[in-house]
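Summary of structural features
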Amino acid sequence: MASTVTTEPSESSAAPSRPGYGQLLRTRGAWTFLLPGFAARQPFAMLTISIVLLVQHTTGSYGAAGAAAAVTGVSMALFAPYSGRLADRYGQRAVLVPGVLVHTLSGLALTALALAHAPLWALFAAAVPTGASVPQVGPMVRARWGAQLQDSPLMSTAAAFESVTDELTFVFGPLLATALCTTVAPAAGLVTEAALTLAGGLLFAARKSTQPQVTGAGHARVRHTSALRVPGVRVLVVAFLGIGSVFGGMQVSLAAFTESIGEPGLNGVLYGTFAAGNMLSGIVCGALAWKAAPHRRLVVGYAALALTASALWTSHSVLVLAGLGLLVGMCIAPALITGYTLVEGLVPAGARTEAFTWLTGAVALGQAAAVTVAGQLEDRLWGGAGFLVPMAGTVLALVTLLALRSRLVTRPRNRTVARGVGHRVPVTVD
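Read on for a plain summary of the structure. (Residues numbered from 1 in each chain as written. Predicted model: local features only at pLDDT ≥ 70, side-chain atom pairs only at ≥ 80, totals over all residues. Heavy atoms only, no water.)

Thoughts on the packing of aromatic side chains
Applying the stated criterion across every chain yields a total of four aromatic pairs. Taken together, a centroid distance of 6.4 Å and an interplanar angle of 85° make the contact between Trp145 and Phe161 edge-to-face. Of this pair, Trp145 sits in helix α6 (residues 137-149) while Phe161 sits in helix α7 (residues 154-184), and the two are 16 residues apart along the sequence. For the pair formed by Trp145 and Phe161, the shared burial category is buried. When the ring of Phe240 is compared with that of Tyr340, the centres are 5.3 Å apart and the planes differ by 80°; the resulting orientation is edge-to-face. Placement of Phe240 in helix α10 (residues 231-260) and of Tyr340 in helix α13 (residues 318-346) is noted, with a sequence separation of 100 residues between them. As far as burial versus exposure is concerned, Phe240 and Tyr340 are alike and both buried. (Phe/Tyr/Trp six-rings, centres within 6.5 Å; stacked < 30°, edge-to-face > 60°. Helix = DSSP H or I, 4+ residues; strand = E, 2+ residues; numbered from the N terminus. Buried < 20%, exposed > 50% of the residue type's maximum accessible area, 1.4 Å probe, protein only.)

Focus: the side chain of Thr27
Its location among the elements puts Thr27 in the loop between α1 (21-25) and α2 (30-59). Judged by relative accessible area, Thr27 falls into the buried class, the value being 14%.

As for the packing of α10 against helix α15 (residues 388-404)
Between α10 and α15, the shortest axis-to-axis distance is 8 Å and the interhelical angle comes to 170°. For the element pair α10 / α15, the angle class is roughly antiparallel. For the pair α10 and α15, the crossing hand works out as left-handed. On the side of α10, the interface is formed by Val235, Val238, Ala239, Gly242, Ser245, Val246, Gly249 and Met250, while α15 contributes Val389, Pro390, Gly393, Thr394, Ala397, Thr400, Leu401 and Leu404. Here the contact of α10 with α15 is built from residues that sort into ten nonpolar, six polar and no charged. (Axes fitted to C-alpha atoms, helices over the stretch in contact; angles between N-to-C directions. Parallel < 35°, antiparallel > 145°, perpendicular 65-115°, else oblique. Left-handed = near helix turned anticlockwise from the far one by under 90°. Contact = heavy atoms within 4.5 Å. Nonpolar A, V, L, I, M, F, W, Y, C, P; charged D, E, K, R; others polar.)

Some points on the packing of α10 against helix α12 (residues 294-309)
Packing of α10 against α12 leaves a shortest axis separation of 12 Å and a crossing angle of 25°. The angle between the axes of α10 and α12 places the two elements in the roughly parallel class. Of the two possible hands of crossing, α10 and α12 adopt the one that is left-handed. Side by side, α10 and α12 meet where Leu236, Ala239, Gly242 and Ile243 of the first sit next to Leu298, Tyr302 and Leu305 of the second. Split into classes, the residues belonging to the contact of α10 with α12 amount to six nonpolar, one polar and no charged.

This is the structure in structure tokens:
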């Protein structure tokens, strides 16, 4: 005979069924990590485009520029999950402070080597520590939301808010980097990125009161278990690789397109339009009370992303490209938000920062592969051939999602379980 066992609800369970951004931003302590977190993540949106524009200026090759940016992205993707695991174990401050120092020094070294027309292998050598030390501020902010909200319905709103914040940086970041590189000096974007990383990262690290509680010695098993062991996380990694292919493919292809029409300054405008679409749809997603299950929303949203990304290579005018970029951006936000929301139900709290960094690293790895391939296509084939990369990346990821979507479903077991930090729900017990 079955009976229903309900554990004590937390304070946040009294939240209304349609929580909004206003209620989210009134969360105690939120502003103490949001403002420095925004400043610290701003350079992330500047890094790839700054490297592409600087190296292309000094070498004259989009292929070389894409390869240098790709090494940075691959390095970040490989080291980001380890950084997240260390943050879960020892605290965010312990990881951030040395990380921002290494990133600043290596970014400046990469800039100096590029300006000195150093060989490509030397640029690669500097790009490795530059990427490996990129501060994972976005995942750390998401982990702080989890620690503050626990089982609150505001978690999905927080995921949407973070997606909007990320895309706001991708509106301003490329515009700022492009303006600096084209009107001040080719190296100005990367130098500014390094300075902002240092200042913003140290400010964020100083906010210790809101960081998640580190796992103690009694949680050794959780502490040493990788979030990648969760099957759903592996599926999400593939999906985020496809999203990264959109970011990377568009960055190189838009730069090549605007260069070919003699209007390099439009690069930041077109990429900003793409990011603005992402940001606007993220705002809408966070304001809605969804009835469909998250894994179903992800499949539907990703299908729309693959469809719109597949049309990019057909555009031959600024207006058409801007319109398609806007639509692609509008399709990315729902996929990102839903993916991060699924992590809350799939991954134990002690491994959540690591899980977020796996997804962030997957975007970086997809972006790295995309800038490399798109750069080669732009150099060797026709102008606009690089837009084939977002199409291929999203279609392959969509096929994987369709085949493995059942792994994204969180199924209650015959016991009371905790979903996320302090998230207890009523379940049926035999």
